[in-house]
Amino acid sequence: MGRTPKARPATARAATTRAATTVRTTTTGLLGRRITGLLGVLGAVLALLLAGAGPAAAHAALQSADPAQNAVLPTAPQAVTLTFSEAVSLSSDSVRVLDPTGRAVDSGSPTHADGKDNTARVGLGSGLANGTYTVAWRAVSEDSHPIGGAFTFSIGAPSATTVSTTALQNAEADSLVAALYGTGRTVAYAAFALLAGAAGFVLLCWPAGASRRPVQRLLMTGWVALLVSTVAVLMLRGPYERGSGIGKAFDLSLIRATLDERIGTALAARLLLLAASGVFLSLLVGQLGLPQGGTAKAAASGGNGAAGSGRPGSGTAGSGTAGSGTAGSATAGADGDPEEAELRELERRAAERPQREARLGLGVAGLVLAVALSATWVGADHASVGIQVWLALPLGMLHLVAMALWLGGLAAMLVGLREGIGAEVADRFSKIAFGAVLVLAGTGVYQSWRGLGSWGALTGTDYGRLLLVKTGCVVAMLGVAWMSRSWLARLRATPEEAAEVVPEPVAVAAAADAPVAASDTASDTASGPGADTGDPVRQAQLARQRAARANADRDRGLTPTRAGLRRSVLVEAAVAVAVLVVTTLLTNSPPGRVAGEVAAAAANGAATTTGGTNGGTNGGTTGGAPAPQTVPGRTVELKLPYDTKGRTPNAKGTATVTLNPAGTGSNEVHLKLDGADGSPVEVPEVELAFTLPDRDLGPLTVPLAAEGTGRWTGTAQLPLAGNWVVSVVIRSSDIDQTTEIKQLKIG
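Residues numbered from 1 in each chain as written. Predicted model: local features only at pLDDT ≥ 70, side-chain atom pairs only at ≥ 80, totals over all residues. Heavy atoms only, no water.

Draft legend 1. View of the packing of helix α12 (residues 462-493) against helix α16 (residues 560-587). Put simply, α12 and α16 touch, their axes get as near as 9 Å, and they point 165° apart. Compared by their axis directions, α12 and α16 come out roughly antiparallel. α12 and α16 meet at a crossing whose hand is left-handed. Partitioning the contact of α12 with α16 into residue classes produces 25 nonpolar, five polar and four charged. (Axes fitted to C-alpha atoms, helices over the stretch in contact; angles between N-to-C directions. Helix = DSSP H or I, 4+ residues; strand = E, 2+ residues; numbered from the N terminus. Parallel < 35°, antiparallel > 145°, perpendicular 65-115°, else oblique. Left-handed = near helix turned anticlockwise from the far one by under 90°. Nonpolar A, V, L, I, M, F, W, Y, C, P; charged D, E, K, R; others polar.)

Draft legend 2. The arrangement of the packing of aromatic side chains in detail. Overall, the coordinates contain eight aromatic pairs when judged by the stated rule. Ring centres 6.5 Å apart and planes at 80° place the aromatic pair Phe201 and Trp206 in the edge-to-face group. Through a chain of ring-to-ring contacts, three or more aromatic side chains come together here, namely Tyr189, Phe192 and Trp377. Here the basic side chain of Arg270 rests over the ring of Trp377, its NZ or CZ set 3.8 Å away from the ring centre. (Phe/Tyr/Trp six-rings, centres within 6.5 Å; stacked < 30°, edge-to-face > 60°. Lys NZ or Arg CZ within 6 Å of the ring centre and 35° of its normal.)

Draft legend 3. Representation of the pairing of strand β13 (residues 685-692) in the model. With six of eight residues buried, β13 is to be regarded as a mostly interior element. By the bridge criterion, seven bridges tie β13 to strand β17 (residues 722-731) in an arrangement that is antiparallel. The residue of β17 that forms the bridge with Thr691 is Val725. (Buried < 20%, exposed > 50% of the residue type's maximum accessible area, 1.4 Å probe, protein only. Pairing = 2+ DSSP bridges.)

Draft legend 4. The arrangement of the sheet that holds strand β1 (residues 62-66) in detail. Strand order in the open sheet made by the three strands is β1-β3-β6, with antiparallel pairing throughout. The open sheet has two edge strands, β1 and β6 (119-123), and neither has a second partner. Direction aside, neighbouring strands of the sheet carry axes that sit 15° apart on average. Sheet topology places strand β3 (residues 79-84) next to β6; five bridges connect them, and they run antiparallel. Across the sheet, the residue bridging to Thr81 is Arg121, located in β6.

Draft legend 5. Fine view of unusual backbone geometry. Residue Pro67 is bonded to the preceding Asp66 through a cis peptide linkage, with omega at 5°. Residue Pro661 follows Asn660 across a cis peptide bond; omega there is 15°. Examined against the element boundaries, Pro661 turns out to sit in the loop between β11 (652-660) and β12 (665-675). Even without glycine at this site, Ser109 takes up a positive phi of about 50°. Ser109 gets classed as exposed once you look at its relative accessible area, which sits at 52%. Of note in this structure, Lys645 is not a glycine but carries a positive phi near 70°. By the secondary structure assignment, Lys645 is in the loop between β10 (636-643) and β11.

Draft legend 6. Main features of the side chain of Arg344. Mapped onto the elements, Arg344 comes out in helix α8 (residues 338-378). Engagement of the side chain of Arg344 in a polar contact is seen with the side chain of Glu340, the distance being 2.5 Å. (Polar contact = N/O pair within 3.5 Å; in protein donor to acceptor, adjacent residues only side chain to side chain.)

Draft legend 7. Here's a closer look at the side chain of Thr186. Turning to its location among the elements, Thr186 is positioned in helix α2 (residues 175-204). According to the relative accessible area criterion, Thr186 is buried, its value standing at 18%. Here the side chain of Thr186 touches Gly182 through a polar contact of 3.0 Å, landing on its backbone oxygen. In this view, Thr186 contacts Leu580, Val581 and Thr584; residues no more than four positions away in its chain are not counted. (Contact = heavy atoms within 4.5 Å.)

Draft legend 8. Fine view of the pattern of salt bridges. Counted by the stated rule, this structure contains nine salt bridges. Between Asp427 and Lys431 there is a salt bridge, and its shortest N-O distance comes to 3.7 Å. Taken together, the residues Asp427 and Lys431, both in helix α10 (residues 423-452) and four residues apart, mark about one turn of the helix. Residue classification places Lys431 among the exposed positions, given a relative accessible area of 56%. One salt bridge in this structure joins Lys639 and Glu637, with 3.8 Å as the shortest N-O distance. Glu637 gets classed as partly exposed once you look at its relative accessible area, which sits at 21%. (Salt bridge = Lys/Arg side-chain N within 4 Å of Asp/Glu carboxyl O.)

Below, the structure is given as structure tokens:
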């Protein structure tokens, strides 16, 4: 009699071990093959995407033109050739040449000159009359950003021109297309953060969340939003580049042209990765969304028939621990048999091991997938060109992944708080978010240095100002996150609130309700006629009871402390939306380093630009201050104090620029240089130029003819109205030189 109880556990232990091993081997083998195939596809796509990245200058700039800007030619040229600082992509209307009446005189379909991908050449018609011609150009730089501008040249002699901003409208993107394109990019960023962050939250913090419908809806929302926004950006890219209307979004020829570009390759790769993401999400929900204690319960039921009489326990699905309320465990505890307890422990470990291995495999696949998706942005944006591409690419991807873990995890945290997660889960995410913030800070500082180039660009360029706005939003998020941590500390300090509120899984609840429904039905049958198991009224009543029980569980979880933490996280997520919007604007803006170089070249290719001071009879201002308004037909005078820091008498004084009639077209210009004592001074070299930054027009150098000591005259062709920048380069000796600038509004 004493040997029989010991024999049964040994037999049951062997049977259970074999069953658990078979289940684990089958599940792990199938999952391993799927994940291996998924990793292979992701690696190939990532290599394809990053292969095209190479060193270049972010945002191409027009370096030279033939004919040159503001040139006066004795005879008509046969073609117009543009040379850029990096490779550009061209369309059929990338370069247009308009005569003084606004009529197109180019042959269309520009090509790369001599096969050089950083050039654009378009032929001109024969028999061109004398006058001023306007060249309007638009192309796509190597970092996938559209660029455009205009300049003028003359044949025979300068003349008035009727070309206006209306004629050059196509040099800028259509406002509706630009708005929709920017919205699509913002949604894509947010969807990536939601998809990657929510998946990371489930894998790293709350595996049980994979079985919750709200979490599953969150994951699917991120996937669908990223898919839709990617398709929208792909369709809008062609009209956005060419400045055409929204109707061209369905033009298949534009879509094919977009797919031939680097950004088109990135978008196509993103769509392929989203297909792989769908497989990943199905594995994530399928593996982690199942009740973890199911195998152990089944084994226990098979090993001991008496154990099945108890109600299933409250073990959480995928929470990392087996269900603690299994009937088998209760029976073991009642018997007090150590070997029986050991058997149950082996069963629990055998049931947990497949899920641990599944989490590890899914975690590796998810990380590779997130990095590959981030590469579809980084590989076609600022990081793919410029200085230190080899370092900027991986840091850019790391920046995006850390952003997704933080911001997307916040959304998952909100859902988790609603579902009653415990303080342990919230504390685990808090630590992960802190690490993500450290990564964001480190990579963000590097990206800022790489993009700005100088401290002045922080306030002197749109890129720098947007960076300040983004920094302010991130600081606000950190402040709210600190408040969230204080709420979390309160939650941990209250044990009754810190515990996780876990409603029964649907499958378990259904199984549990079955015998209850059967007994109730039997009772109804015994007590009165007309009641049976298929009674719809009774089924509806049971459904309401289950819903009420789930709502009660949820309401018990939303304590005042949890509600405060949820509100704090909600505010943090709202600020995160602003961060994503500003990030989209940043990626569409020329880096401050490039903007500074272009501005310096506009003033003088080799000179260092310095700002002047207020002065002049018209109250002109300098730098970013509002430009003086001019009335066409009147003379405008601008005074620009200068100081070359030299020791000669002509090193310091005032430059006076006079324009007449100060309107679009031909303007008579006079330049005077007076020393500190007010007398005219002579200098070895002086140069006067006009630039229209908004249209990337200029610098239009004015040929000056001397009219005596410190006096010059010339003619300036200003084809468009707008805020022009007047620059005067003054060299007082062989080594002393300065450039003074002042804004002037024409029209």
